[in-house]
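Fold and contact review
If you want the building blocks of each chain, they are given just below.
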Amino acid sequence: MTKLEELIINRIQETGPISISTFMRECLLHPEHGFYTQRNVLGSQGDFITSPEISQMFGEILGLCLAQYWIDLDRPERFALVEFGPGSGTLILDILRAGSYVKGFTNACEIFLVEASSKLKSQQQKKLSKFNVNWINDDLLLPKIPTFFIANEFFDALPVKQYHKKNDRWYEVQVGLKNEQLCLGLSEGTTTHTELETRFKNCVNGDTVEISDDAIRISKSIGQIINNEGGCALIIDYGDWHSLGSTLQALKSHKFKKIFDRPGEVDLTCHVDFEALARNSGCAYSRLTTQGVFLERLGISDRANLLLKNSKPEHKQSIISAHRRLTHPDEMGTLFKVLGLYAENHNSPAGLVK
Ligand code: SAH
């Protein structure tokens, strides 16, 4: 049993069952025993590998997409670039390097990172030491200038609550105890949530749905800033337009685990419900587009060919397989989606359509 599991069991014994969101938050971000706060989670030695860690091409394409949006806004003298959950800092570095080929872009850019893990924050500090970087909370206190947001594999890490419909009423799925072991069960009383009464009103008995209050709150703040100051958001993650069923999953060292295995040592994530982000943002949003299509539209194959032409023979195979991994439907190309948020009466970011 992990130390965190012991703490959670004690808490449930004292005060009763807890929300899945409380369980997830403790497992991921507990200051001493949380997954993101204690482990080296990223990369081939870690628990999972993300697109920017697979290849520089991913960040370069995002960088050029943002630089194009900056040009379309008539090259504002100052803009904020906000990344949620920057991990090791690779993505923002690749974005800035690609953006530096567009005259004026990097000089106009003010960098803001939203990072909950102090361990990852110090990695980011080291990696980005050449840049003037501000770390902020997810309340997003930002200067009033056009703002570009990026989030790759951030929203899947936000805690969700689960609700189950039974006898035409909603109950919350909670974490409780059976024979002193963690288990899932339904709340005693019925419950309600505006999203249950609106987006999920057509659900039938037996359905389970997930709602992330953090994701809703953050997408509202993003939308408000985009509507007031101009700019856009690129949100990339696994998931679908409308979430249905439990998608909570556990992962350790690139392998699936049970959700109650070794709390704090195992990643817990959910598929992102993109409709919740789009509708709650209150700004214009693009059609949900697969990562493969988005990257192809923005020229990843041309970029891969150029890298191949200039690379040593021993590096060629890794460029070919990175291109495949990012774009192919059997790999990350279809599972991962891209959602663009932008101000009404403006164009969607390049590579995405309304
Ligand atoms: N975007 C990076 C890392 C993805 S992992 C990449 O693509 O490689 C998820 C990131 O989100 C980590 O940096 C993690 O510490 C951070 N994170 C998770 N939950 C968070 C929260 N509630 N607030 C801020 N950052 C969070």
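Scroll up for the structure.
**Section: helix α5 (residues 56-72)**
- Taking 1.5 Å of rise per residue, the 17 residues of α5 would be expected to cover 24 Å, and the 25 Å separating its terminal C-alpha atoms lies within 8% of that figure.
- Extensive coverage of α5 is indicated by the burial of 12 of its 17 residues.
- Looking only at α5, the buried set comprises Met57, Phe58, Gly59, Glu60, Ile61, Leu62, Gly63, Cys65, Leu66, Ala67, Tyr69 and Trp70.
- By the N-cap criterion, in which a side-chain oxygen at the helix start approaches the backbone nitrogen of a residue two or three places on, α5 is capped by serine 55, the distance to methionine 57 being 2.9 Å.
- Just downstream of α5 lies aspartate 74, where phi reads positive at about 70°.

**Considering the layout of surface pockets**
- Taken as a whole, the largest pocket spans an internal volume of roughly 610 Å³.
- Taken together, 34 residues line the largest pocket, and the ones lying closest to its centre are Gly85, Val114, Glu115, Ala116 and Phe154.
- Counting only elements with at least two residues in the lining of the largest pocket, the list comes to α2 (20-29), α4 (51-54), α6 (90-99) and α10 (213-229).
- In the lining of the largest pocket, the residues fall into 18 nonpolar, 8 polar and 8 charged.
- Empty space within the second largest pocket amounts to approximately 470 Å³.
- Together, 20 residues line the second largest pocket, and Phe48, Ile49, Tyr238, Leu251 and Phe336 are the ones closest to its centre.
- Every element with two or more residues in the lining of the second largest pocket is listed here: β11 (249-252) and β13 (267-269).
- Its residues assigned to classes, the lining of the second largest pocket shows 10 nonpolar, 4 polar and 6 charged.

**Let's talk about the pattern of salt bridges**
- The tally for this structure, following the rule as stated, stands at 15 salt bridges.
- Residue glutamate 60 pairs with arginine 97 through a salt bridge whose shortest N-O separation is 2.9 Å. Placement of glutamate 60 in helix α5 and of arginine 97 in helix α6 is noted, with a sequence separation of 37 residues between them.
- Among the ionic pairs, aspartate 273 bridges to arginine 199, the shortest N-O distance being 2.8 Å. Within this pair, whereas aspartate 273 is found in strand β14 (residues 272-273), its partner arginine 199 is found in the loop between α9 (194-197) and β9 (208-211), the two being separated by 74 residues in sequence.
- Among the residues examined, arginine 199 registers a relative accessible area of 14% and is labelled buried.
- Where salt bridges share partners, they join Glu195, Arg199, Asp273, Glu275 and Arg279 into one cluster.

**Quick notes on the site of the ligand**
- Thr50, Gly85, Gly87, Glu115 and Asn152 are the nearest of the 20 residues found near the ligand.
- Between the ligand and the protein, one listed contact pairs an oxygen atom with a side-chain N or O atom of threonine 50 at 2.6 Å.
- A distance of 2.8 Å is found between a nitrogen atom of the ligand and a backbone nitrogen or oxygen belonging to asparagine 152.
- Contact with the protein chains covers 96% of the free accessible surface of the ligand, which is 580 Å².
- If you map the ligand onto the pockets, it falls in the largest pocket.
- Of the residues in the shell around the ligand, the class split is 12 nonpolar, 5 polar and 3 charged.

Procedures and definitions
Residues numbered from 1 in each chain as written. Predicted model: local features only at pLDDT ≥ 70, side-chain atom pairs only at ≥ 80, totals over all residues. Heavy atoms only, no water. Helix = DSSP H or I, 4+ residues; strand = E, 2+ residues; numbered from the N terminus. Expected span 1.5 Å × (residues − 1). Buried < 20%, exposed > 50% of the residue type's maximum accessible area, 1.4 Å probe, protein only. Polar contact = N/O pair within 3.5 Å; in protein donor to acceptor, adjacent residues only side chain to side chain. 1 Å grid on protein atoms, 1.4 Å probe; cavity = no way out; pocket = protein on both sides within 12 Å on 5 of 7 lines; lining within 4 Å. Points joined across faces, edges and corners; volume = space filled by probe spheres on them. Nonpolar A, V, L, I, M, F, W, Y, C, P; charged D, E, K, R; others polar. Salt bridge = Lys/Arg side-chain N within 4 Å of Asp/Glu carboxyl O. Near = heavy atom within 4 Å. Areas by Shrake-Rupley, 256 points an atom, 1.4 Å probe, with all protein chains shown as cover. Sits in = over half its atoms within 2 Å of the grid points.

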